[in-house]
Protein chains: 2
Amino acid sequence: MSRWEPDARGRMIGAAMDLFAERGFDQTTASDIAERAGVTERTFFRHFSDKREVLFGGSEVMEKTTYDATLAAPADLTPLDAAMAGITAASSLIGDRRDFTIRRARLITANPSLHERELFKLATLTTAATNALRERGVPELMASLAAHCAATVFAVAFERWVASAEPLSLDEEIKQTATVLRSLL
Amino acid sequence: MSRWEPDARGRMIGAAMDLFAERGFDQTTASDIAERAGVTERTFFRHFSDKREVLFGGSEVMEKTTYDATLAAPADLTPLDAAMAGITAASSLIGDRRDFTIRRARLITANPSLHERELFKLATLTTAATNALRERGVPELMASLAAHCAATVFAVAFERWVASAEPLSLDEEIKQTATVLRSLL
DNA sequence: CGAGCTATGTCAGCGACTGACATCAACAGT
DNA sequence: ACTGTTGATGTCAGTCGCTGACATAGCTCG
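Residues numbered from 1 in each chain as written. Chains lettered and ligands numbered in written order. Predicted model: local features only at pLDDT ≥ 70, side-chain atom pairs only at ≥ 80, totals over all residues. Heavy atoms only, no water.

**Student:** Please explain the interface of chain B and chain A as it appears in this structure.
**Tutor:** Often, the extent of an interface is quoted as the loss of accessible area on bringing the components together. Taken residue by residue, the interface counts 25 residues in chain B and 25 residues in chain A. Summed over both partners, the interface of chain B with chain A buries about 2600 Å², with 79% contributed by carbon and sulfur atoms. Per-residue buried area on chain B facing chain A is highest for E116, L184 and L185 of chain B; these three make up 25% of the total on that side. Linking chain B with chain A are 4 salt bridges, by the criterion used here. Across the salt bridge formed by E116 of chain B and R117 of chain A, the nearest N and O atoms sit 2.4 Å from each other. Across the contact surface, chain B and chain A share 4 residue pairs in polar contact (both at pLDDT 80 or more). Counting residues per element, the ones that place at least two in the side of chain B that touches chain A are helix 7 (112-135), helix 8 (140-163) and helix 9 (170-183) of chain B. Counting residues per element, the side of chain B that touches chain A draws most heavily on helix 8 of chain B, at 10 residues. Across the side of chain B that touches chain A, the residue classes break down as 15 nonpolar, 6 polar and 4 charged. (Contact = heavy atoms within 4.5 Å. Buried area = accessible area lost by both parts, 1.4 Å probe. Salt bridge = Lys/Arg side-chain N within 4 Å of Asp/Glu carboxyl O. Polar contact = N/O pair within 3.5 Å; in protein donor to acceptor, adjacent residues only side chain to side chain. Helix = DSSP H or I, 4+ residues; strand = E, 2+ residues; numbered from the N terminus. Nonpolar A, V, L, I, M, F, W, Y, C, P; charged D, E, K, R; others polar.)

**Student:** What should I look at first to understand the domain arrangement of chain A in this one?
**Tutor:** Residue and element names in this part refer to chain A. Taken domain by domain, chain A holds domain 1 (8-54) and domain 2 (56-183). Each of domain 1 and domain 2 was reduced to a C-alpha centroid, and the two centroids are 27 Å apart. With 10 residues of domain 1 at the contact, the number on the domain 2 side is 12 residues. Both faces combined, the contact of domain 1 with domain 2 buries some 1100 Å², and carbon together with sulfur accounts for 50% of it. When residues of domain 1 are sorted by the area they lose upon contact with domain 2, M17, R52 and E53 head the list and together hold 61% of the total. Taken together, the links from domain 1 to domain 2 amount to 5 salt bridges. (Domains from an automatic or database assignment.)

**Student:** How should I be thinking about the side chain of T101 of chain A in this particular structure?
**Tutor:** All names here are of chain A. Here T101 is to be found in helix 6 (residues 98-109). Among the residues examined, T101 registers a relative accessible area of 3% and is labelled buried. Setting aside chain neighbours within four positions, we find T101 in contact with I94, F158 and W161. (Buried < 20%, exposed > 50% of the residue type's maximum accessible area, 1.4 Å probe, protein only.)

**Student:** I keep staring at the pattern of salt bridges and nothing clicks. Help me out?
**Tutor:** Here the idea is simple: oppositely charged side chains can pair when their charged atoms come close. Counted under the stated rule, the structure contains 26 salt bridges over all chains. Close ionic contact of R103 of chain A with D18 of chain A constitutes a salt bridge, the shortest N to O distance being 3.1 Å. Here R103 of chain A, found in helix 6, pairs with D18 of chain A, found in helix 1 (residues 8-23); they are 85 residues apart in sequence, far enough to count as distant. The class of D18 of chain A is partly exposed, set by a relative accessible area of 32%. R36 of chain B is paired through a salt bridge with E22 of chain B; the nearest N and O atoms lie 3.0 Å apart. A residue pair is termed long-range when its members are at least 10 positions apart, and R36 of chain B in helix 2 (residues 30-37) and E22 of chain B in helix 1 (residues 8-23) qualify at 14 residues. The class for R36 of chain B is partly exposed, based on a relative accessible area of 43%. When its relative accessible area of 51% is taken as the criterion, E22 of chain B is described as exposed.

**Student:** Looking at this model, I keep getting lost on the packing of helix 7 of chain B against helix 8 of chain B. Mind explaining?
**Tutor:** The description of two packed helices rests on the angle between their axes and on the distance between the axes. Residue and element names in this part refer to chain B. At a minimum axis separation of 8 Å, helix 7 and helix 8 run at an interaxial angle of 140°. The angle between helix 7 and helix 8 falls in the class oblique. The hand of the helix 7/helix 8 crossing is right-handed. Judged by residue contacts, L122, T126, A129, T130, L133 and R134 of helix 7 engage E140, A143, S144, A146, A147, H148, A151, F154 and A155 from helix 8. (Axes fitted to C-alpha atoms, helices over the stretch in contact; angles between N-to-C directions. Parallel < 35°, antiparallel > 145°, perpendicular 65-115°, else oblique. Left-handed = near helix turned anticlockwise from the far one by under 90°.)

Okay, here's the thing in C-alpha cells:
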C-alpha cells in the first residue's frame, strides 16, 4: 500500500495524537507528524485535506450511518425519535473504542481550532438526519428542528460520557439525556 | 483614529465583503482586502485575529447580551424560556440591519471555512446561555440542553429569515419556530 | 512646543498548503 | 523472467496566512 511500510495513514494518525498530547496542536507542525510517521509532509497532505482532519477520520461513515439509520427507522416513530435512532446508530460507531475516543475528545476540547472542526462535523450529521427525515415525508421545518434536537442530545451526552470517571455506556448516557430533553418542554 | 482616514476597521469590513462577493473568500487574500481599504496587511491582522474574523465583528456583544438577558429574565420562566429570552435579545442586535446581515449570511453559507466559524460563534452563545442558566440555579444538564435548544431555534429561524423573500421580522420567525419546537415532543 | 501614547508601516520569517514532475514498488500480462 | 501500467510516495518551488520586532507618524496633554 505504501512505498515502504504499510498503513501510512494509521501511523500518521497515531503520530499526530501523540504529538498533540505531548506539545499541543499549535506546537506541532505537519512536518513533525510526517517525520514521526516516517513519511513526507507532502504525503501527509495527500491523506488529509488539512492538519486538523487527521483527527476526524471516520466522519463520512458516521454521516452515512446517520442518514441510513434515520431513513430505516420504523415508520411509526415521531420525527424526533427517528432522528434519535439515526444519531444513536452513528454513535455506536465510536461508543466501542472508548479510550481512543476519549483521548481524541480531550485533544479536541483543548484546542479551539479543533473544536471548530468538530462542530462542523456535528453539523453534517444534523444535515444528514434532516435530509433523511425529509425523505420520510417530514416537513422541512420540523425535520430540521428534530435533527438539531437529536444532535444536541448526542453532543451533550457525549460530553458527559467523556467527562465521567466511571461511566455508563454511551447509549445509556444518550437515553438519559433524551429523557431530560423531553422534560424541558 | 487611523494614520490617515478614520474608520479603518469599517473600511476593511466593507472591502472584505465586496471582495468576497466578487471573487469568493478563497480567491481573496488578506493583502487584497487591506489594499482596497487603504491600509497594510499587517494592520488588517492587528484588527482581526484571522482572515475570517472580519465577518464576525459583533459577536462578543451578542455573547454578553445573551448572558445578561438570560440572567435577567423573569424568575418564573422555565429554563428553556429564559434561554430563549437571552438568545432573542441577542438576535435583536442583528434583526435590524437586515440587508447587511443577509449579505453577510450568504457569504458565510457559500464558504465552509466561514460556516465553521459561524458554528463556533453560535456555540459561544450556547455556552453563555448555559452559564447564565446555571447562575439561575438550573442544574447543569438541564441548563445545557435548554441553551442548546434555544440556540437551535435561533439558528433555524435565522436560516429561514435569510431565505425568505418577503419576510417576517426575525422576532416573529423565532416565535413561530419555537412553537414548532415545542410541538415536537 | 516637547513627551508620551497609540495606530500604522516595514521587514523578515515560519508554517500551512498546493501544483508539477520524478520515482519507486507491486501487479498483470506476455 | 521481462516489461508496461498503476498508484502511492518523494522532491521542489511557490503562494498565502499569520507573527514578532522595530521604526514612524499622528494625537493629546501639559
